[in-house]
Amino acid sequence: MKTILLRFGELFLKGENRHLFENALLNNIRKKLSGEKFKLYRTQGRIMISDFENEDEIVERLTTVFGLHSLSLAEEVEASPESICNYFKTINLNAKTFKVEVNRADKRFPVKSMDFAATLGGILLDNNPELEVDLYSPQQKIMVDIRANGKAYVYGKTIACQGGLPLGTSGKALLLLSGGIDSPVAGYLMAKRGLKLEALHFHSYPYTSPEAKQKVVDLAKKLAIYNDEVKLHCISFTRVQEAIHQHCAPEFMITIMRRIMMRIAEQICKREGLGAIVTGESLGQVASQTMQSMTVTENVIKTTPVFRPCIAMDKEEIVAVAKKIDTFEISILPYEDCCTVFLPKNPVIKPKISQAEKEEKSLDLDALIGEALASEEVICVTAARE
Amino acid sequence: MIYLDNAATTPLSERAAKEQVLWACERFYNPSATYVQATKVAFALTEARGRLKKLLGVKDGEIIFTSGATEANNLAIRGSVREGKWEYVFSSAEHASVDNLAKALEREGREVKFVPIKKTGKVDLEKLEEVLNEKTRLVSCMFVNNVTGAVNDVAAIAKIIRKKAPKAIFHVDGVQAFCKLPFKLSNLDVDAFSLSAHKFHGPKGVGALYIKNKAGLKNQVYGGGQEFGIRSGTENVPGIMAMLTAAEELDVKGRLEKAELLKQAFLSELEGAGIELVKTNRSSPYIATFIFSGVNGETLVRMLENDVIVGRGSACSAKKSGNHVLEAMGYNLDQIKGAIRVSFDAALSEQEVRDAAKIVKQKYYELVEKLK
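Residues numbered from 1 in each chain as written. Chains lettered and ligands numbered in written order. Predicted model: local features only at pLDDT ≥ 70, side-chain atom pairs only at ≥ 80, totals over all residues.

Caption draft 1: Examining the overall build of chain A more closely. From N to C terminus, chain A includes 13 helices and 14 strands. For chain A, the C-alpha atoms occupy an extent of roughly 85 × 40 × 35 Å along the three principal directions. Within chain A, the proportion of its 386 residues that are buried is 41%. Sequence separation of at least 24 residues holds for 81% of the intrachain contacts in chain A that already meet a minimum separation of 6. (Helix = DSSP H or I, 4+ residues; strand = E, 2+ residues; numbered from the N terminus. Buried ≥ 20, exposed ≤ 12 C-beta atoms within 10 Å, placed from the backbone. Contact = placed C-beta atoms within 7 Å.)

Next up, the structure:
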């Protein structure tokens, strides 16, 4: 019987809480495979899936589950020398060199691992005269895992999964999703650490286009592949930007904008029970991402941590992840986002908190934030699969 | 909501819609089939070619039905390309379906020449004369410019071509002229003429190419040999019938007068408002492009969309930055960024157009104020 063996990432580190993480992982797998026929069970520190039909679809979905380290497609046979040998007689290898490795978790199995591996290798050689054994760098490794449940699992390839922690086990957070390359990457990286994300997008209609907003929805669809689904909060930032443009010094446009974005983000976090704000900032990438700018921006929020997983990454590294999660092509579509409207020629690079506070005095912040929040539109975005 | 983007597309006329349903649901037979029901459709199709020629004002030549003007333009131009040292001449203010094809021919290594347009928006006839010669294989020039409304003197261009380039095929993209300006194609001396149904209340996805000498036109697709073997593929009979119904119910002269009135009304409302009309010395009353300086036309279009719908240059390429027609007329990128095209339909009332102009003015001022 065909079976998928799933291996955990670092869940084993979790000591007493391990079962909580394992349960979350099982639930996430069930959710991920919903709509498919399958049987999921846990046995001796392994998670297994059997009785499935759409092998390719299921494997593809499993490779997007955080907390899984790797998986193998295995054949389950009775853990007796005879049935394992019989199964080996049916194997046709598509390789020139091979190696058989036997692992006995059940030491009651009557033949020693090394000896049994040699026997099984012999069967393969008999049936495939072209084959040769190579113990050091075989083209094809065949693993035989003999478990105490009376079953043995024979498999070749091991497919890498995402690693990380099961989604949701680290809590929930709010991702600031701009439409650029960095923020979806930041979201992916934090979701990988077990944070279930909601997303917040600011648009400046009519200065920005409906396509710019749709682009963010499309990015959220890609993120939803990893994040189960994404609740996307869209907020009109037009009035805020117009007011800053009218009342504040042009070089502070971006600084004040980001301070107001943070305030709005924190309010949404509180309302939705989200424990952190996630941004795609990378140190020194642009004027608003200097240490001083981030200090001034973060200063307005009091009780919510800001996670910036891209902070130490080079653009090339961020792009590599963006390509891996398939957001890059969407991110580079050339629609103006809200940050490019009213863009000053010389934004301040090292703002001070006192300066920003002085600039903000001429704004009715509560009214502007209230108006922005009132414009909120929530879109529940589900995964986009090719 | 007042719709002023009629050069982009128009709503389908009710009679045309009914005709389309009739030919799609009841008389749906494939005109290439051999039973009597199908041959009746084939006869109607032959008749349709005659009807369209009558509308165009031409007796000789043939009609090839296409999926629209983009295909008709491509067929006329690509179908005229021949091996050897031929030259291909294009005006530099053509629609993307001609302009991009011209550039593609250039990339393929063919001799392509672009004739500049004057500040008036019209093709520079002197420059045209300079580039024409014995080797000219094709000249393509639009009748009415889709961005500025500038009307080229097609008959004069034809005269120059016949004199200087006797072997040339003269193709005219007539999309913004057919059913809008009164003309007799036989007086214009053109060899090929493209038109598109959805610009005059016909359906989308159907158009036609008039061709004087179909023997000279090479097919671009292979198939069952429909449309004289030049454009294979089962004919879009419902679309073709609806297109003709839409065209035949229009009083072109009456509508032109109305459009003139509407354009004047719109312009008079904007007088002194600091909004620049892109002036052409003979212009279609259906089209006007304005430069709204200091703003992004795209933003203004979106600010207006609940009240007045206007366009940006050519709808087919409106989303690309810049606009090669205005560029060819000497406008700079900032001016082009603030360009908006208004295009009328005779069904509008003068009051609607005046109201629309007032709203446009008001929203423009609002935007300027916000950006100060």
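Let us keep going from here.
Caption draft 2: Spotlight on the overall build of chain B. Each helix and strand counted, chain B has 13 helices and 12 strands in total. Its C-alpha atoms give chain B a radius of gyration of 21 Å, near enough to 21 Å, the size a compact globule of 372 residues would have. Dimensions of chain B, computed from C-alpha atoms along their principal axes, come out at roughly 70 × 50 × 30 Å. Taking all 372 residues of chain B together, 48% fall into the buried category. Contacts spanning at least 24 positions in sequence make up 76% of the contacts within chain B whose residues lie at least 6 apart. (Rg over C-alpha atoms; globule rule 2.2 N^0.38 Å.)

Caption draft 3: Representation of the interface of chain A and chain B in the model. With 5 residues of chain A at the contact, the number on the chain B side is 5 residues. Here the side of chain A that touches chain B is built from residues that sort into 3 nonpolar, 1 polar and 1 charged. (Nonpolar A, V, L, I, M, F, W, Y, C, P; charged D, E, K, R; others polar.)

Caption draft 4: Structural detail: the domain arrangement of chain A. Domain boundaries in chain A define domain 1 (2-160) and domain 2 (171-382). Put simply, the middle of domain 1 of chain A and the middle of domain 2 of chain A, counted by C-alpha atoms, are 44 Å apart. (Domains from an automatic or database assignment.)

Caption draft 5: View of the sheet that holds strand S1 (residues 2-8) of chain A. All names here are of chain A. Strand order in this open sheet of 8 strands is S2-S3-S1-S4-S8-S7-S5-S6, and the pairing throughout is mixed. Strands at the two margins of the open sheet, each flanked by one partner only, are strand S2 (39-43) and strand S6 (132-133). Strand direction decides the pairing type here: strand S5 (residues 97-104) and strand S7 (residues 140-146), joined by 7 bridges, are parallel. Bridge pairing in S7 places Lys-99 opposite Lys-141. Sheet strands in contact with helix H2 (residues 55-62) are S1, strand S3 (46-50), strand S4 (68-78) and strand S8 (151-160), and its direction is about 145 degrees off that of S4. (Pairing = 2+ DSSP bridges. Axes fitted to C-alpha atoms, helices over the stretch in contact; angles between N-to-C directions.)

Caption draft 6: Representation of the packing of helix H7 (residues 238-247) of chain A against helix H13 (residues 365-374) of chain A. All names here are of chain A. Packing of H7 against H13 leaves a shortest axis separation of 8 Å and a crossing angle of 155 degrees. In terms of axis orientation, H7 runs roughly antiparallel to H13. Seen from H7, the contacting residues are Arg-239, Val-240 and Ala-243; seen from H13, they are Leu-368, Glu-371 and Ala-372. Residues that form the contact of H7 with H13 fall into these classes: 4 nonpolar, no polar and 2 charged. (Parallel < 35°, antiparallel > 145°, perpendicular 65-115°, else oblique.)

Caption draft 7: Structural detail: the pairing of S1 of chain A. All names here are of chain A. Summarising burial for S1: 5 of the 7 residues are buried, a large majority. Pairing of S1 with S4 involves 7 bridges; the strand directions are antiparallel. Bridge pairing links Leu-6 to Leu-71 in S4. As judged from the 4 bridges shared by S1 and S3, these two strands associate in the antiparallel manner. Within S3, the residue paired with Thr-3 across the bridge is Ser-50.

Caption draft 8: A look at the confidence of the model for chain A. Confidence in the prediction of chain A, expressed as mean pLDDT, is 91, and 98% of residues score 70 or more. The least confident element of chain A, judged by mean pLDDT, is S2 of chain A at 87; the most confident is strand S12 (residues 277-278) of chain A at 98. (pLDDT = per-residue confidence, 0-100.)

Caption draft 9: A look at the domain arrangement of chain B. Residue and element names in this part refer to chain B. As far as domains go, chain B holds domain 1 (2-9 + 251-371) and domain 2 (14-248). The centre of domain 1, based on its C-alpha atoms, is set 27 Å off from the matching centre of domain 2. Contact residues are listed per partner, giving 27 residues for domain 1 and 27 residues for domain 2. Counting residues per element, the ones that place at least two in the side of domain 1 that touches domain 2 are helix H9 (252-270), strand S10 (287-291) and helix H11 (324-328). Top element by residues in the side of domain 1 that touches domain 2 is H11. It accounts for 4 residues. For the side of domain 1 that touches domain 2, the class distribution of residues is 12 nonpolar, 12 polar and 3 charged.

Caption draft 10: Local environment of the nonpolar core. Residues Val-190, Ala-208, Leu-209 and Tyr-210 of chain B are the most contacted members of the largest nonpolar core, which totals 106 residues. Residue contributions to this core peak at 8 residues, all from helix H8 (residues 237-248) of chain B. Two domains each put at least three residues into this core: domain 1 (2-9 + 251-371) and domain 2 (14-248) of chain B. If sequence neighbours within four positions are ignored, Val-190 of chain B has contacts with Val-154, Ala-158, Phe-170, Val-172 and Leu-185 of chain B. Counting residues in hydrophobic clusters, the runner-up holds 96 residues, among them Ile-254, Ile-277, Ala-322 and Ala-372 of chain A. (Core = buried A, V, L, I, M, F, W, Y, C linked by C-beta atoms within 7 Å.)

Caption draft 11: Expanded view of helix H1 (residues 18-32) of chain A. Residue and element names in this part refer to chain A. Along its 15 residues, H1 runs 21 Å from first to last C-alpha, staying within 8% of the 21 Å computed at 1.5 Å per residue. Listing the buried residues of H1 in full gives Phe-21, Leu-25, Asn-28, Ile-29 and Lys-32. The arc that holds the buried residues of H1, viewed along the axis, is 100 degrees, so those residues lie on one side. Opposite the buried face of H1, by more than 90 degrees, sit the exposed residues His-19, Arg-30 and Lys-31. Against the buried residues of H1 lie S2 and H2. (Expected span 1.5 Å × (residues − 1). Arc of directions from axis to C-beta.)

Caption draft 12: Geometry of the environment of Asp-191 of chain B. Residue and element names in this part refer to chain B. Following the sequence through the fold, Asp-191 ends up in the loop between helix H7 (185-188) and strand S7 (192-196). On the basis of neighbour count, Asp-191 is assigned to the buried category, with 22 C-beta atoms found within 10 Å. Separated by 104 residues in the primary sequence, Asp-191 and Glu-87 place their C-alpha atoms 17 Å from one another. With sequence-adjacent residues up to four places away left out, Asp-191 is seen in contact with Ile-169, Phe-170, His-171, Lys-212 and Asn-213.

Caption draft 13: Local environment of the sheet that holds strand S9 (residues 276-277) of chain B. All names here are of chain B. Across the sheet, 3 strands lie side by side as S9-S10-S12; this open sheet has antiparallel pairing. The two strands at the open ends of the sheet, each matched to only one other strand, are S9 and strand S12 (339-343). Strand direction decides the pairing type here: S10 and S12, joined by 5 bridges, are antiparallel. Bridging across to S12, Ile-287 finds its partner in Ser-343.

Caption draft 14: Main features of the pairing of S10 of chain B. Residues and elements named next belong to chain B. Summarising burial for S10: 5 of the 5 residues are buried, a large majority. With burial as the criterion, each face of S10 is covered, one bearing Ile-287, Thr-289 and Ile-291 and the other bearing Ala-288 and Phe-290. As defined by bridge partners, S9 adjoins S10 across 2 bridges and the pair is classed as antiparallel. Paired with Glu-276 across the bridge in S10 is Ile-291.

Caption draft 15: Expanded view of the confidence of the model for chain B. Considering every residue of chain B, the mean pLDDT works out to 94; 97% of them sit at 70 or more. This prediction of the complex comes with two scores: 0.86 for pTM and 0.79 for ipTM.

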